[in-house]
Amino acid sequence: MSKPTTPAESAQLKDIVAHAKEYGFVFQSSEIYDGLAAVYDYGPNGVELKNNLKRLWWEAMTQLHGNVVGIDAAIFMDPRTWEASGHVAGFNDPLIDNLDSKKRYRADVLIEEKAAEYEKAGDPARGAALTAEMGRLLTANDLAGVKQLIIDEKIVDPLSGSSKWTDVRQFNLMFSTQGSAVDSEAAPVYLRPETAQGIFVNFLNVQKSARMKIPFGIAQIGKAFRNEIVARQFIFRMREFEQMEMQFFVRPGTEGEWYDTWKAARRRFHEALGLPAAKLRFHDHDKLAHYAKAAVDIEYEFPFGFKEMEGIHSRGDFDLTQHQNLSRKKQQYFDNDIDETTGKPYGNYVPYVVETSVGADRLFLATLCEAFQEETITEGEGEAQTTKQRTFLKLHPAVAPIKAAIFPLVRKDGMPEKAQQIFDDLRFDFRLVIEDKDAIGKRYTRQDLIGTPFCIVVDGQTLEDDTVTVRHRDTREQTRMPISALRAYIGEAVSFKTVFAKL
Ligand code: GAP
């Protein structure tokens, strides 16, 4: 259950949102037209950070696991895909309107917020009982029961305080568009609400073409779309977002072990990236999605409380069987390993699936929240001592948008040329910038604000002995080293190996 947001926490989120805009990480979509709700664009630093996170996930999945391969499926799929997957009938949010404020809410979110109030008031058992009851009613699709729960709990509109509610209705979250230019009666084409189905419909293509043997996984990164009603908390809940999903196909009966294995592996990934163990937790679902036999979220403590960052789902053979039934194409695998109990091959079966699904944008937001640091620093001594505030992004060097900035101390005496030489020598290996404007202190500040781990200064001594100072973002300490040592020094720190070694 999520912790309610305190004013200090929302102030922190506000600072992070402002920082993300000011320093080129995230912009509101079409801002000059006042913005499109719950849609965001990534700026020059944001796209570098996001691409680094995606590449890290991709390599952690495919490069580190000999039995996981990737695909890149289209966003549009045959509309029958979504009938088979259950999304046409069941991918709904329970909505309720307030008759006074005319505002629309998710009924489950209103109840969860009430449960969080009980928790805050020191009665977590009552909160847990409330969410359990809500889970029961939603699973039974008892919408009248959900409304009654809202009335019994005296839940009012957070804006107007009114308790005049409409009935609860189910609202499908899929966006659709007209696919056929010639047939106006044709079924709508949906914008995929999850990337997973592109993997399921390609299960046999991949298994056969890549000669995969069970157990094996198929990984994919791509856009997904949901018509979210509660669109809040910056990039946490968007209408267009990116998922990084992996479907792991296993022999029926072994899904429990694989569920536990992937649950632990995915948590290790987030910790290796620098999200502290104390700010991560597992949360078993109160209400299972229509496809899931078991499901757990990995939650991160965002400034607005513990919230889902990744879902691990045991999907059984639900999706492949549904596609097999609707397409009338067998989705079976022939397993010629010997079953020890029968002494015969396992033979043909529809594999079971364990899924890991993390939002690239939520991982981005968690990484940004965790990296955002404000500290007071003291400079000078005695009477000359001053204190000032410093804001910096303590990003893991492997995902930082820019790995090093090169500063000629002054714009003369051959220093700019030397800086350019270093840039040219290292640019095939790392994303770098040269900065020669303003005092050195200001240049350090600018790089701290975007999380650049190293600043390399070319000074008078460099021209004499080919050494530079390397200033470290987190400690502000400086180390003098030969230019020839830079590649190995930076390379070591920014390598994905530093993350992979902890997995
Ligand atoms: N294929 C399974 C699936 O889609 P999900 O729990 O609905 O499961 C998986 O979504 C992940 O996708 C979530 O844990 C979250 O990180 C991300 N996600 C879902 N909806 C999102 C949204 N509206 N905005 C941003 N990320 C979202």
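The rules behind the values
Residues numbered from 1 in each chain as written. Predicted model: local features only at pLDDT ≥ 70, side-chain atom pairs only at ≥ 80, totals over all residues. Heavy atoms only, no water. Helix = DSSP H or I, 4+ residues; strand = E, 2+ residues; numbered from the N terminus. Buried < 20%, exposed > 50% of the residue type's maximum accessible area, 1.4 Å probe, protein only. Contact = heavy atoms within 4.5 Å. Areas by Shrake-Rupley, 256 points an atom, 1.4 Å probe, with all protein chains shown as cover. Lys, Arg positive; Asp, Glu negative; His and termini not counted. Charge placed at Lys NZ, Arg CZ, Asp CG, Glu CD. Near = heavy atom within 4 Å. Polar contact = N/O pair within 3.5 Å; in protein donor to acceptor, adjacent residues only side chain to side chain. Nonpolar A, V, L, I, M, F, W, Y, C, P; charged D, E, K, R; others polar. Core = buried A, V, L, I, M, F, W, Y, C linked by side-chain atoms within 4.5 Å. Domains from an automatic or database assignment. Pairing = 2+ DSSP bridges. Axes fitted to C-alpha atoms, helices over the stretch in contact; angles between N-to-C directions. Salt bridge = Lys/Arg side-chain N within 4 Å of Asp/Glu carboxyl O. Buried area = accessible area lost by both parts, 1.4 Å probe.

(A) Fine view of the overall build of the protein chain. Scanning the protein chain for helices and strands turns up 17 helices and 23 strands. By its C-alpha atoms, the protein chain is 75 × 65 × 55 Å across when sized along the principal axes. By residue count, 50% of the 503 residues in the protein chain fall in the buried class. The long-range fraction of contacts in the protein chain, counting pairs at least 24 apart against all pairs at least 6 apart in sequence, stands at 65%. Summed over all atoms, the accessible surface of the protein chain reaches about 23800 Å², with 50% contributed by carbon and sulfur. Between the centroid of the 64 positive side chains of the protein chain and the centroid of its 74 negative side chains there is a distance of 2 Å.

(B) Structural detail: the site of the ligand. With respect to spatial proximity, 22 residues lie near the ligand, and among them Glu194, Met238, Glu245, Glu308 and Met309 are the closest. With respect to the ligand, the backbone of phenylalanine 236 contributes an N or O atom lying 3.4 Å from a nitrogen atom. Between the ligand and the protein, one listed contact pairs an oxygen atom with a backbone N or O atom of glycine 359 at 2.9 Å. For the ligand, whose unbound accessible area comes to 560 Å², protein coverage reaches 94%. Elements supplying a minimum of two residues to the shell around the ligand: β10 (240-250), β13 (305-316) and β16 (352-359). Top contributing element to the shell around the ligand by residue count: β13, with 6 residues. A breakdown of the residues in the shell around the ligand according to their chemical character gives 7 nonpolar, 5 polar and 10 charged.

(C) Main features of the side chain of glutamine 324. Structurally, glutamine 324 can be placed in helix α11 (residues 318-327). On the accessibility criterion, glutamine 324 (18% relative accessible area) is buried. Residues within four places of glutamine 324 in sequence aside, it is in contact with Lys329, Lys330, Gln331, Gln332 and Val350.

(D) Geometry of the nonpolar core. Core analysis: the biggest nonpolar cluster contains 63 residues, and Val26, Trp57, Ile235, Leu363 and Phe364 have the highest contact counts within it. The greatest single-element share of this core, amounting to 8 residues, is contributed by helix α12 (residues 360-371). The two domains that each donate at least three residues to this core are domain 1 (8-76 + 192-368) and domain 2 (398-500). If we skip the residues at most four places from it in the chain, phenylalanine 364 touches Phe25, Val26, Tyr42, Gly46, Leu49, Lys50, Leu53 and Ile235.

(E) Highlighting the sheet that holds strand β11 (residues 280-284). With mixed pairing, 7 strands are arranged side by side in an open sheet as β3-β9-β10-β16-β13-β12-β11. A strand with exactly one partner marks an edge of an open sheet, and here the two such strands are β3 (68-70) and β11. Within the sheet, the average angular offset between the axes of one strand and its neighbour, ignoring direction, is 25°. Pairing between β11 and strand β12 (residues 294-302): 5 bridges, direction antiparallel. Bridge pairing in β12 links histidine 283 to aspartate 297.

(F) How the structure looks around the pattern of salt bridges. The full count for this structure, using the stated rule, is 39 salt bridges. Note that lysine 279 is salt-bridged to glutamate 370, the shortest N-O span being 3.1 Å. With a gap of 91 residues between them, lysine 279 in the loop between α10 (255-272) and β11 and glutamate 370 in helix α12 connect regions that are remote in the sequence. Given a relative accessible area of 19%, glutamate 370 falls into the buried group. Through salt bridges with shared partners, one network takes in Lys50, Lys54, Glu242 and Asp361.

(G) Representation of the sheet that holds strand β5 (residues 104-106) within the structure. With antiparallel pairing, 3 strands are arranged side by side in an open sheet as β5-β4-β6. Pairing within the sheet leaves two strands with one partner each, and these edge strands are β5 and β6 (169-172). If you compare each strand with its neighbour and ignore which way they point, the axes differ by 45° on average. As judged from the 3 bridges shared by strand β4 (residues 92-97) and β5, these two strands associate in the antiparallel manner. Along β5, the bridge assignment pairs aspartate 97 with arginine 104. Those strands touched by helix α5 (residues 107-120) are β4 and β5, and its axis lies near 65° from that of β5.

(H) Representation of the pairing of β10. β10 sits mainly inside the fold: 10 of its 11 residues count as buried. Across 10 bridges, strand β9 (residues 216-225) lies against β10 in antiparallel orientation. Residue pairing for β10: isoleucine 221 is matched across the bridge by methionine 244. Note that β10 and β16 share 8 bridges and pair antiparallel.

(I) Focus on the domain arrangement of the protein chain. Segmenting the protein chain into domains produces domain 1 (8-76 + 192-368) and domain 2 (398-500). The distance between the C-alpha centroids of domain 1 and domain 2 comes to 36 Å. Domain 1 puts 15 residues into the contact, and the matching count from domain 2 is 12 residues. Of the roughly 1300 Å² buried where domain 1 meets domain 2, counting both sides, 72% is carbon and sulfur surface. Note that arginine 431 is salt-bridged to glutamate 48, the shortest N-O span being 3.0 Å.

(J) Here's a closer look at the side chain of arginine 266. Mapped onto the elements of the fold, arginine 266 is located in helix α10. A relative accessible area of 3% means that arginine 266 is categorised as buried. Within the structure, the side chain of arginine 266 is placed 2.7 Å from the side chain of glutamate 310, a separation counted as a polar contact. Residues in contact with arginine 266, not counting those within four places in the same chain, are Trp57, Met61, Ile298, Glu310, Ile312, Thr356 and Val358.

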